[in-house]
Amino acid sequence: QQQVKQSPQSLIVQKGGISIINCAYENTAFDYFPWYQQFPGKGPALLIAIRPDVSEKKEGRFTISFNKSAKQFSLHIMDSQPGDSATYFCAASGSGTYKYIFGTGTRLKVLA
Amino acid sequence: DTAVSQTPKYLVTQMGNDKSIKCEQNLGHDTMYWYKQDSKKFLKIMFSYNNKELIINETVPNRFSPKSPDKAHLNLHINSLELGDSAVYFCASSLGWETLGTEAFFGQGTRLTVV
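Residues numbered from 1 in each chain as written. Chains lettered and ligands numbered in written order. Predicted model: local features only at pLDDT ≥ 70, side-chain atom pairs only at ≥ 80, totals over all residues. Heavy atoms only, no water.

1. Side note on the state of the cysteines
Residues and elements named next belong to chain B.
For step 1, the next point in the chain: Summed over the entire model, instances satisfying the criterion amount to 2 disulfides over all chains.
For step 2, the next point in the chain: Paired through a disulfide, C23 and C91 show a sulfur-sulfur distance of 1.8 Å. Between C23 and C91, the S-S torsion sits near -75 degrees, and that sign places the bridge as left-handed. Note that C23 is positioned in strand β3 (residues 19-25) and C91 in strand β9 (residues 87-94), a separation of 68 residues in sequence. In this pair, the class of C23 matches that of C91, namely buried. (Disulfide = S-S within 2.5 Å. Helix = DSSP H or I, 4+ residues; strand = E, 2+ residues; numbered from the N terminus. Buried < 20%, exposed > 50% of the residue type's maximum accessible area, 1.4 Å probe, protein only.)

2. Considering the sheet that holds strand β6 (residues 56-59) of chain A
Residues and elements named next belong to chain A.
For step 1, the next point in the chain: Reading across from one edge, β1-β3-β8-β7-β6 is the order of the 5 strands in this open sheet, with antiparallel pairing throughout. Strand pairing shows two members of the sheet lacking a second neighbour, β1 (4-7) and β6, which therefore form its edges. Strand-to-strand twist of the sheet, defined as the mean angle between neighbouring strand axes without regard to direction, takes the value 15 degrees.
For step 2, the next point in the chain: Note: strand β3 (residues 19-25) against strand β8 (residues 72-77), 6 bridges, orientation antiparallel. Looking at the pairing, C23 lines up with F73 of β8. (Pairing = 2+ DSSP bridges. Axes fitted to C-alpha atoms, helices over the stretch in contact; angles between N-to-C directions.)

3. Some thoughts on the side chain of S68 of chain B
Residues and elements named next belong to chain B.
For step 1, the next point in the chain: Among the structural elements, S68 can be located in strand β7 (residues 64-70).
For step 2, the next point in the chain: On the basis of relative accessibility, which here comes to 16%, the residue S68 falls in the buried class.
For step 3, the next point in the chain: Among the polar contacts listed, one links the side chain of S68 to the backbone oxygen of D70, at a separation of 3.0 Å.
For step 4, the next point in the chain: Of note is the side chain of S68, whose polar atom sits 2.9 Å from the backbone oxygen of H73.
For step 5, the next point in the chain: Not counting residues up to four positions away in its chain, the partners in contact with S68 are Y49, K52, H73 and L74. (Polar contact = N/O pair within 3.5 Å; in protein donor to acceptor, adjacent residues only side chain to side chain. Contact = heavy atoms within 4.5 Å.)

4. Considerations on the sheet that holds strand β8 (residues 73-78) of chain B
All names here are of chain B.
For step 1, the next point in the chain: Taken in spatial order, the 4 strands of this open sheet run β1-β3-β8-β7, and their pairing is antiparallel. Each of the sheet's edge strands pairs with one partner strand only, and the pair in question is β1 (4-7) and β7. Strand-to-strand, the axes of this sheet are offset by a mean angle of 20 degrees, without reference to chain direction.

5. Considering the packing of aromatic side chains
Two aromatic rings, taken as a pair, are described by how far apart their centres are and by the angle between their planes.
For step 1, the next point in the chain: Enumeration over the complete set of coordinates arrives at 18 aromatic pairs over all chains.
For step 2, the next point in the chain: Plain terms: the ring middles of Y25 of chain A and F33 of chain A are 4.7 Å apart, the flat faces sit at 45 degrees to each other, and that makes the pair tilted.
For step 3, the next point in the chain: We classify F33 of chain A as buried; its relative accessible area is 0%.
For step 4, the next point in the chain: Aromatic side chains F90 of chain B and F106 of chain B sit 6.3 Å apart centroid to centroid with 80 degrees between the ring planes, which places their arrangement in the edge-to-face category. Here the residue F90 of chain B occupies a position in strand β9, and F106 of chain B occupies one in strand β10 (residues 105-106), the gap between them amounting to 16 residues. (Phe/Tyr/Trp six-rings, centres within 6.5 Å; stacked < 30°, edge-to-face > 60°.)

Here it is as structure tokens:
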């Protein structure tokens, strides 16, 4: 019940294309769903996050779509750029968990 | 100023040795964590501390002993290192859990290699 399942494991997109990464969770106590971006040799950094009281959140080229009934959320990267090439992690947490539970990561490569 | 800083960045040591990794945060956060990232990039929680108190020990072998001398510091001591301990260890911090939906800030990681 504590897992967050993430797909795909890797993704190759042409420059200007749309990158889509999906996550699913089981624990209905989760109430915070962040996406982290990690470049090689660096720590994960928050990209965008959503609470379950909204179905979508957009920040620049990055959008989270959230489906509470299906217990799924996804990250859309519009107009993908080579600089977006990184590993992306979805995560979930809740007030009773005292931790962030991460998905298995998606390695994104954007071709120039 | 680095928000969450870890030292050292790289650590190469022999099996059986004891080593420590230090972490400091200057964000005024109440909660600190240690995460382990394996070769497949999977990020797994090891420990969670809130106001210097251990909240979570995620079935980590007792060779790993975290210590929080104050809210801003969380160090990780590892005894009798094994080959399987080779990984990248990340320290992180966040506001207290009474504050909903808060960002976790990660350090740059410590790449531990046991030979």
